[in-house]
Amino acid sequence: MNAGIPIQFFLILATLMFFVGVYGFLSRRNLITILMSLELVLNSVNINFMAFNRYLFPHKMEGMFFSLFIIAVVAAEAAVAIAIILNIYRRFTTINVEDVDEMKY
Amino acid sequence: MINFTYTVWILIIPFIMFIFLGLAGHKIGPKLSGLLGTGALAVITALSYITAYKYFFATPKAGDVFKAILAANTTWLQFTDKLHIDIGVLVDPISVMMLIVVTTVSFMVHIYSTGYMKGEKGYERYFAFLSLFSFSMLGLVVAPNIFQMYIFWELVGVSSYLLIGFYYEKPSAVAASKKAFIVTRFADLGFLIGILLLSFHTKTFDFITLTDPSGPAIAQAGGASFLGLSVITWSMIFVYLGGAGKSAMFPFHIWLPDAMEGPTPVSALIHAATMVVAGVYLVARMFPVYSLAAPVALKVVAYVGGFSSLFAAIIACTQTDIKRVLAYSTISQIGYMMLALGVSGYGGHEGLGYMASMFHLFTHALFKALLFLGAGAIIHAVHTNLMTEMGGLRKYLPITHLTFLIACLTIAGIPPFSGFFSKDEILAAAFQSNKILFAVEYAVAGLTAFYMFRLYFNIFWGKETQYQHTPHEAPFSMTIPLIILALGAVFAGWIPFNKLVTSDGQAFESSIEWGVAIPSILIGVLGIFVAMVMYRKENNIPERLAATFKNTYKLAYHKFYIDEFYLFVTKKIIFRYISEPIAWFDRHIIDGTMNSIATVTQVVSFRIRKFQSGQLQQYAFVFISGAVLLAVLMIYIWYW
Amino acid sequence: MIANQIMFFLLSAMIIVFSVLTVTSRKILRAAVYLLLVLVSTSGLYFMLNYQFLAAIQLTLYAGGIVVLIIFSILLTSHISQKFEPTGWKKSLLSALASAAGAILAITTILDFKFGASREAAMEVDMHAIGKSLLSLDYDGYILPFEVISILLLAAMIAGIVIAKKGGPADQESQNLKQ
């Protein structure tokens, strides 16, 4: 099903997605949107794994399992991150990352 | 062979008592502390007497010789097969004699202290320190090797320091304790050098091996030399330096008079009877080496002893603080002992001086402790140290008066008191070998009688003084030791030392040399008579005399300006020209470097602390830009 | 052939457009929906690569689970109608520059590299093989990471409860602060 599409296309797509995520991480103020940017970043990594697996090592399944575990870790990370965000919200009554700067000089 | 292993308990009991009283003293209260400390001393005193009896009378002698017995010995620090430091107990005539002296005086002082120190702050601490002192002094006495002796030597110094500084809220006491510690410590450096030299050349620390006439120390007498003296001689001179420091011989004598800032019983115990004779004991302990291998060092001992005894006796005539008079008298008497050792030979009747020195050490311990305890009773009664503020006390303090008089007669060498016998032996020994020192001794004998009776008449006779409170006799706990010690001072002269404590362990015949003794008695009586004329009734002879010999008097009153001289040397020369530049260097260069490092760090951190803004995205931005930059560097620059 | 490529470019366009919208949208719930669309498109890519199992996982776990979680937390902490203030131009410019630099670097590197094609026969990734491999103790088995992940998930669950629950020490502090 992937005939006629070079691997570079997948990689470039993943790269763009990755850096869009990075941009979001750097520029958004709301903690939840920052978390969403992170999801984009992780998702782009998954695409890379899958593409490498299919194009370079089609007889193996490493890439797929890596993606599988990454998804599991992301689920755990999201759960903990959201718990932390809720806690921050309760403590500071805001989830604006610029206002949460207790740990400064 | 009788087993002497139990003698280790003589060391263990006071040590345990020190730990116990030091840690739990304030919990069990003063009364029980004093009782426990005194009880422990009673036990070890009894043990010491048993040991003395068994050693001198119940042990079969091998060919008329008292052999040194190693009662206990264990390796304490093993460095190599050959170099190891042992700890143990040596029983021989002088150590047994010293056991008797130390425990007796210490026991008396303990009893006395329960009365004298009553109600003082730190009563338990005082008894803990006394136990520590007893422990260290006994450890010194029974040391079977020179290194153990050195260890306990320093411990004695520490406990002396603690006890002199007992009234640590009094600046003068603190200064005195520091002075005592520093001066003796300074002298101990010589002792340590001596030990190292000696043991390096003889490969042993053991006294038995060292003092064996055919042992390595004496066999090497003619060995390697430096400035015309053999190594053994040098090492013995250095060892003697340590002894001179502890025994307050000139020029290290300056600490002893100041040490009188401590409680009076402490002065009696440490600074009259036991610790200060440690130097004499050290020389006696090493005597065969001195006599057979290092006669030059022995000459040094003799002359320093003679000079100190004269020097201190002159100063004693002018002092007004009664404890200081006694302190100078102590220096003078120890000078006597040193001199006696110095003029002695080895073996048989030649060893008369050695025997005389030990004899005098023994009697001196008794009568000097008695004098100090008597002085303590007087101070207790009138609350002053100055004899100019006393007078006519004989009516108020009958027991003290009587015992003090006995002690004065004893030290003046009037028969039949014990001082007469021991002093006579010393004079006889000096007469045999060195006429100059003999003359010095006669002079000192006269001066001793004079200043002791000056003290006596000033305190108990002289002008009638009005006291704020009527003086009253001390409690029984204080008068009983006085009486016991007085009995000792009277009768100790009949102990046949020439049969028991001799340089080579063999008994020899000696009798009172009346040709020497009668002039010395006459000189003593003359001294007493002069003192009686001058001080018995209030008159102006002392002032007139002082005015006539104004310069001499002033010189002696200011202790020949030795203290001032030391102060000049240390403050004006060493402090100014050596210490101050070093201090400057330390403060400006070394501290300056450290301070500038700290300052630079602080300034820089103050500048860069704004980086720590708490802004998560700022950190992330720096991180990602850095990562991209690194990637650029790695891909386009470093790999090609 | 051409249908393949059309499919790929369609999915790519969706992914990139919705990604950009996710990180720029000024309404938070919309951003979440855009993220959902990105994730769904990604699962389409997985289908294209013939990994049906992973695509299903992506749909259920990512698109279903995590996005729902995010939406819940949005509802707990924000007003849905609230619009964000636009990001400061300086901040967005700097972020865009850093991201663009990274993207350019990565893309040039990808384009420079010659990928060799695999000559091995492609393996059919069916459920049977996945299950066997996942629970296998062999050299290429994944039983250990599988168990580790299970413990991690348990720990994350407990941690989420402990951190977020009311009445913890932090909560009491904030109560004090309010008073």
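Residues numbered from 1 in each chain as written. Chains lettered and ligands numbered in written order. Predicted model: local features only at pLDDT ≥ 70, side-chain atom pairs only at ≥ 80, totals over all residues. Heavy atoms only, no water.

**A word on the overall build of chain A**
Next, step 1: From N to C terminus, chain A includes three helices and zero strands.
Next, step 2: Of the regular secondary structure in chain A, the N- to C-terminal order runs α-α-α.
Next, step 3: Residues counted as buried form 66% of the 105 residues belonging to chain A.
Next, step 4: Here the analysis covers contacts within chain A between residues at least 6 apart in sequence; of these, 60% occur between residues at least 24 apart.
Next, step 5: Of the roughly 3,700 Å² of accessible surface on chain A, 68% is carried by carbon and sulfur atoms. (Helix = DSSP H or I, 4+ residues; strand = E, 2+ residues; numbered from the N terminus. Buried < 20%, exposed > 50% of the residue type's maximum accessible area, 1.4 Å probe, protein only. Contact = heavy atoms within 4.5 Å. Areas by Shrake-Rupley, 256 points an atom, 1.4 Å probe, with all protein chains shown as cover.)

**Section: the pattern of salt bridges**
Residue and element names in this part refer to chain B.
Next, step 1: Evaluated as defined, the whole model comprises nine salt bridges over all chains.
Next, step 2: We note a salt bridge from R185 to E154, for which the minimum N-O separation is 3.7 Å. Residue R185 is located in helix α5 (residues 171-202), and its partner E154 is located in helix α4 (residues 146-164); the two are separated by 31 residues in the primary sequence.
Next, step 3: Take R185: its relative accessible area is 31%, and that puts it in the partly exposed class. (Salt bridge = Lys/Arg side-chain N within 4 Å of Asp/Glu carboxyl O.)

**Details of the interface of chain B and chain C**
Next, step 1: The interface is formed by eight residues belonging to chain B together with nine residues belonging to chain C.
Next, step 2: Taking both partners together, chain B and chain C bury about 620 Å²; carbon and sulfur atoms supply 76% of that area.
Next, step 3: Three residues, F621(B), V628(B) and Y636(B), lead the burial of chain B against chain C; their summed loss comes to 60% of the area buried on that side.
Next, step 4: Where chain B touches chain C, the interface holds zero salt bridges.
Next, step 5: Taken together, the connections running from chain B to chain C amount to two residue pairs in polar contact (both at pLDDT 80 or more).
Next, step 6: Of the residues belonging to the side of chain B that touches chain C, the class tally is six nonpolar, two polar and no charged. (Buried area = accessible area lost by both parts, 1.4 Å probe. Polar contact = N/O pair within 3.5 Å; in protein donor to acceptor, adjacent residues only side chain to side chain. Nonpolar A, V, L, I, M, F, W, Y, C, P; charged D, E, K, R; others polar.)

**Quick word on helix α3 (residues 62-92) of chain A**
Next, step 1: Between its first and last C-alpha atoms α3(A) spans 44 Å; for 31 residues at 1.5 Å apiece the expected length is 45 Å, and the two agree.
Next, step 2: The first or second residue beyond α3(A) is T93(A), which carries a positive phi of 55 degrees. (Expected span 1.5 Å × (residues − 1).)

**Overview of the pairing of strand β1 (residues 69-78) of chain B**
Residue and element names in this part refer to chain B.
Next, step 1: Alignment of β1 against strand β2 (residues 84-91), held across eight bridges, turns out to be antiparallel. Residue pairing in the sheet places T74 in a bridge with I87 of β2.
Next, step 2: Where β1 hands over to β2, the hairpin turn is made up of five residues, counted between the paired strands. (Pairing = 2+ DSSP bridges.)

**Quick word on the interface of chain C and chain A**
Next, step 1: The interface is formed by 90 residues belonging to chain C together with 72 residues belonging to chain A.
Next, step 2: Between chain C and chain A, a total of about 7,500 Å² is buried, with carbon and sulfur atoms accounting for 74% of that surface.
Next, step 3: Three residues stand out in chain C for area buried against chain A, namely V23(C), L49(C) and Y51(C), and they jointly supply 9% of the buried area on that side.
Next, step 4: At the boundary of chain C and chain A, one finds one salt bridge.
Next, step 5: One salt bridge in this structure joins E98(A) and K91(C), with 2.7 Å as the shortest N-O distance.
Next, step 6: Of all elements in the fold, only α1 (2-24), α2 (28-48), α3 (52-77), α4 (89-112), α5 (127-134), α6 (143-164) and α7 (169-178) of chain C reach the threshold of two or more residues within the side of chain C that touches chain A.
Next, step 7: When residues of the side of chain C that touches chain A are assigned to their parent elements, the largest contribution, 13 residues, is made by α3(C).
Next, step 8: Split into classes, the residues belonging to the side of chain C that touches chain A amount to 58 nonpolar, 24 polar and eight charged.

**Comments concerning the nonpolar core**
Side chains of nonpolar character tend, in soluble globular proteins, to be buried together.
Next, step 1: Core analysis: the largest hydrophobic core is formed by 210 residues, its most contacted members being M286(B), Y290(B), M358(B) and F453(B).
Next, step 2: Per-element accounting of this core gives the leading share, 22 residues, to helix α15 (residues 352-382) of chain B.
Next, step 3: Residues within four places of M358(B) in sequence aside, it is in contact with I94(B), M97(B), V280(B), A284(B), F497(B) and V501(B).
Next, step 4: I32(A), I15(C), I28(C) and I149(C) belong to the second largest nonpolar core, which has 84 residues in total. (Core = buried A, V, L, I, M, F, W, Y, C linked by side-chain atoms within 4.5 Å.)

**Quick notes on a nonpolar patch on the surface**
Residues and elements named next belong to chain B.
Next, step 1: Among the surface-exposed residues, F568, I573, I574, F575, Y577, I578 and I582 lie close enough to one another that they form a single nonpolar patch of about 700 Å² accessible area.
Next, step 2: Mapped onto the elements of the fold, F575 is located in helix α24 (residues 562-608).
Next, step 3: Taking the relative accessible area as the measure of exposure, F575 reaches 41% and is therefore partly exposed. (Patch = residues over 30% accessible without salt bridge, like charges linked within 9 Å, V, L, I, M, F, W, Y side chains within 5 Å.)

**Considerations on the confidence of the model for chain C**
Residue and element names in this part refer to chain C.
Next, step 1: Taken residue by residue, chain C gives an average pLDDT of 85. The fraction at 70 or more is 92%.
Next, step 2: Averaged pLDDT values for the elements of chain C fall to 57 in α7 and rise to 92 in α2.
Next, step 3: Among the scores for the predicted complex, ipTM is 0.91 and pTM is 0.68. (pLDDT = per-residue confidence, 0-100.)

**Side note on the environment of I87(B)**
All names here are of chain B.
Next, step 1: Looking at the element boundaries, I87 is found in strand β2.
Next, step 2: With relative accessibility at 25%, the residue I87 sits in the partly exposed group.
Next, step 3: Between the C-alpha atoms of I87 and P144, which are 57 residues apart in sequence, the distance is 7.3 Å.

**Overview of the packing of α5(B) against helix α8 (residues 231-246) of chain B**
Residue and element names in this part refer to chain B.
Next, step 1: With their axes 7 Å apart at the nearest point, α5 and α8 run at an angle of 150 degrees to one another. It follows from the interaxial angle that α5 and α8 lie roughly antiparallel. The crossing of α5 and α8 is left-handed. Every residue of α8 that contacts α5 at T184, A187, D188, G190, F191, I193, G194, I195, L197, L198, H201 and T202 is listed here: V231, I232, S235, M236, F238, V239, L241, G242, G245 and K246. (Axes fitted to C-alpha atoms, helices over the stretch in contact; angles between N-to-C directions. Parallel < 35°, antiparallel > 145°, perpendicular 65-115°, else oblique. Left-handed = near helix turned anticlockwise from the far one by under 90°.)

**Remarks on the packing of helix α25 (residues 616-638) of chain B against α4(C)**
Next, step 1: Packing of α25(B) against α4(C) brings their axes to within 10 Å, and their N-to-C directions diverge by 30 degrees. If you check the angle between α25(B) and α4(C), you find them roughly parallel. Once α25(B) is placed against α4(C), the crossing between them reads as left-handed. Across the interface between the two elements, Q617(B), F621(B), S625(B), V628(B), A631(B), V632(B), I635(B) and Y636(B) of α25(B) pack against K91(C), L94(C), S95(C), A98(C), A101(C), G102(C), L105(C), T108(C) and T109(C) of α4(C).
Next, step 2: For the contact of α25(B) with α4(C), the per-class residue count stands at ten nonpolar, six polar and one charged.

**Some details on the environment of H84(B)**
Residue and element names in this part refer to chain B.
Next, step 1: Looking at where H84 falls in the secondary structure, it is placed in strand β2.
Next, step 2: For H84 and F205, which are 121 residues apart along the polypeptide, the C-alpha to C-alpha distance reads 8.9 Å.
Next, step 3: Not counting the four nearest positions on each side in its chain, H84 is found in contact with T75, L77, Q78, F79 and F205.
Next, step 4: Polar contacts involving the side chain of H84 include one to the side chain of D86, which spans 2.7 Å.

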